[in-house]
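Here are the chains, one letter per residue:
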Amino acid sequence: MEKLKKSWLLISLGLGGLIGFLCAWVNTFYMIFTLPLFFVTGNFNIIMLVTACIIAPFVEELSKPIGVYLIKMEEKTLLSVKNWMILGTFAGLGFGLMENMMYAFNATAVAGGEAGLLLLLLRMLLCLPLHMIATTISCFGFGLWANTGKIKYFVFSMLTAMLIHGSYNFIAYII
Amino acid sequence: MYKSLTKTLGFLLIWFGAGWLALPFIAESMLKYVPEEGSVNYTASFALAGVSFLLSLLCFIHCITAKPVKIYYKQVYRCPKCDSEIFPGTEYCPYCGSFIKSS
């Protein structure tokens, strides 16, 4: 097994951040996929709910560990399951930090600096650990897959991460 | 192996629980910036904080008490020229095309 390099941590963090930047902007576009629901039900809230609880977790959880996929494919590295998991935690950290910054900037532009700071504080306490938890779990499964060759570990952990993310969004929506 | 996961999740869940505890207080301050009428649900936030702390505790208990799980690592064969992962017994590397001597 190889040792974890600092450059790999930076790749995971940076690419997680890049995906966070993109997701903060393109989340709205996911709604296009739920438009048929609006035509059937005539209820706009259902679009928000399906986007937040199903589409966003699916897209974000698959794309957050992009740096981890890259390290596996390009560096052809052999890491322990624990180290793959640490890379995943960093990917989630990068994603969460960037997404929080984007939302805080938007809130500042709309409602002023104090509202932006409050939103940033709230998201740092709630959304950041959530993203880290979800990506830690999915990359733990990725590590098991990389070391055992059994993809079922990755599929199961990815579905768990999506379920956790979707449940959180659902609770945040109804609370 | 699973201990490393539960240890990390334990710490992250404490952080998450602290977030749920802080939510109603921060949300109350934020309500003045929102044009619509809104209310803060203290009970739900505190209940979710409790669930997070409980899960965190369970993670730490697992981390302390669980026995290590043995995983069966797959045998990895690599091309000596390009270092790509290849199947055992392969004569020619599917990535770089180089001939691989059987040992």
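Note that the structure is predicted; figures quoted are calculated from it, not measured. (Residues numbered from 1 in each chain as written. Chains lettered and ligands numbered in written order. Predicted model: local features only at pLDDT ≥ 70, side-chain atom pairs only at ≥ 80, totals over all residues. Heavy atoms only, no water.)

Focus on the interface of chain A and chain B
Step number 1: Taken residue by residue, the interface counts 35 residues in chain A and 32 residues in chain B.
Step number 2: Regarding the contact of chain A and chain B, the summed buried area is about 2,900 Å², with carbon and sulfur atoms giving 80% of it.
Step number 3: Summed over the shared surface of chain A and chain B, the number is 0 salt bridges.
Step number 4: Counting every contact that joins chain A to chain B gives 2 residue pairs in polar contact (both at pLDDT 80 or more).
Step number 5: The set of elements that each furnish at least two residues to the side of chain A that touches chain B consists of α5 (81-111), α6 (113-148) and α7 (151-174) of chain A.
Step number 6: Residues that form the side of chain A that touches chain B fall into these classes: 25 nonpolar, 6 polar and 4 charged. (Contact = heavy atoms within 4.5 Å. Buried area = accessible area lost by both parts, 1.4 Å probe. Salt bridge = Lys/Arg side-chain N within 4 Å of Asp/Glu carboxyl O. Polar contact = N/O pair within 3.5 Å; in protein donor to acceptor, adjacent residues only side chain to side chain. Helix = DSSP H or I, 4+ residues; strand = E, 2+ residues; numbered from the N terminus. Nonpolar A, V, L, I, M, F, W, Y, C, P; charged D, E, K, R; others polar.)

Some remarks on a negative patch on the surface
Step number 1: On the surface, E2, E74 and E75 of chain A together with D83 of chain B cluster together into a patch of negative charge.
Step number 2: Residue position: E75 of chain A is located in the loop between α4 (66-74) and α5.
Step number 3: Residue classification places E75 of chain A among the partly exposed residues on the basis of a relative accessible area of 40%. (Patch = residues over 30% accessible without salt bridge, like charges linked within 9 Å, V, L, I, M, F, W, Y side chains within 5 Å. Areas by Shrake-Rupley, 256 points an atom, 1.4 Å probe, with all protein chains shown as cover. Lys, Arg positive; Asp, Glu negative; His and termini not counted. Charge placed at Lys NZ, Arg CZ, Asp CG, Glu CD. Buried < 20%, exposed > 50% of the residue type's maximum accessible area, 1.4 Å probe, protein only.)

Some remarks on the layout of surface pockets
Step number 1: As a volume, the largest pocket reaches approximately 1,800 Å³.
Step number 2: For the lining of the largest pocket, the elements supplying multiple residues, two or more each, are α3 (44-63), α5, α6 and α7 of chain A together with α1 (2-30) of chain B.
Step number 3: Per-element accounting of the lining of the largest pocket gives the leading share, 8 residues, to α6 of chain A.
Step number 4: Partitioned by chemical class, the residues of the lining of the largest pocket number 30 nonpolar, 11 polar and 5 charged. (1 Å grid on protein atoms, 1.4 Å probe; cavity = no way out; pocket = protein on both sides within 12 Å on 5 of 7 lines; lining within 4 Å. Points joined across faces, edges and corners; volume = space filled by probe spheres on them.)

Looking at the pattern of salt bridges
Residues and elements named next belong to chain A.
Step number 1: Summed over all chains, the structure comprises 2 salt bridges over all chains.
Step number 2: Note that E61 and K64 form a salt bridge whose closest N and O atoms lie 2.8 Å from each other.
Step number 3: The exposure class assigned to E61 is buried, which follows from its relative accessible area of 0%.
Step number 4: Put simply, E99 and R123 hold a salt bridge, and the shortest N to O gap is 2.8 Å. Of this pair, E99 sits in helix α5 while R123 sits in helix α6; the two residues are 24 residues apart in sequence, bridging distant segments of the chain.
Step number 5: When its relative accessible area of 14% is taken as the criterion, R123 is described as buried.

Digging into the side chain of S157 of chain A
Step number 1: Examined against the element boundaries, S157 of chain A turns out to sit in helix α7.
Step number 2: Look at S157 of chain A and you get buried, because its relative accessible area is 6%.

Considerations on the domain arrangement of chain B
Step number 1: According to the domain assignment, chain B contains domain 1 (2-65) and domain 2 (72-103).
Step number 2: Each of domain 1 of chain B and domain 2 of chain B has a C-alpha centre, and the two are 48 Å apart. (Domains from an automatic or database assignment.)

A closer look at the packing of helix α1 (residues 6-26) of chain A against α4 of chain A
All names here are of chain A.
Step number 1: Viewed as axis vectors pointing N to C, α1 and α4 meet at an angle of 135°, and their least axial separation amounts to 7 Å. With respect to their mutual orientation, α1 and α4 come out oblique. Of the residues in α4, those touching α1 at W8, I11, S12, L15 and I19 are I66, G67, V68, L70 and I71.
Step number 2: Class assignment for the residues of the contact of α1 with α4 results in 8 nonpolar, 2 polar and no charged. (Axes fitted to C-alpha atoms, helices over the stretch in contact; angles between N-to-C directions. Parallel < 35°, antiparallel > 145°, perpendicular 65-115°, else oblique.)

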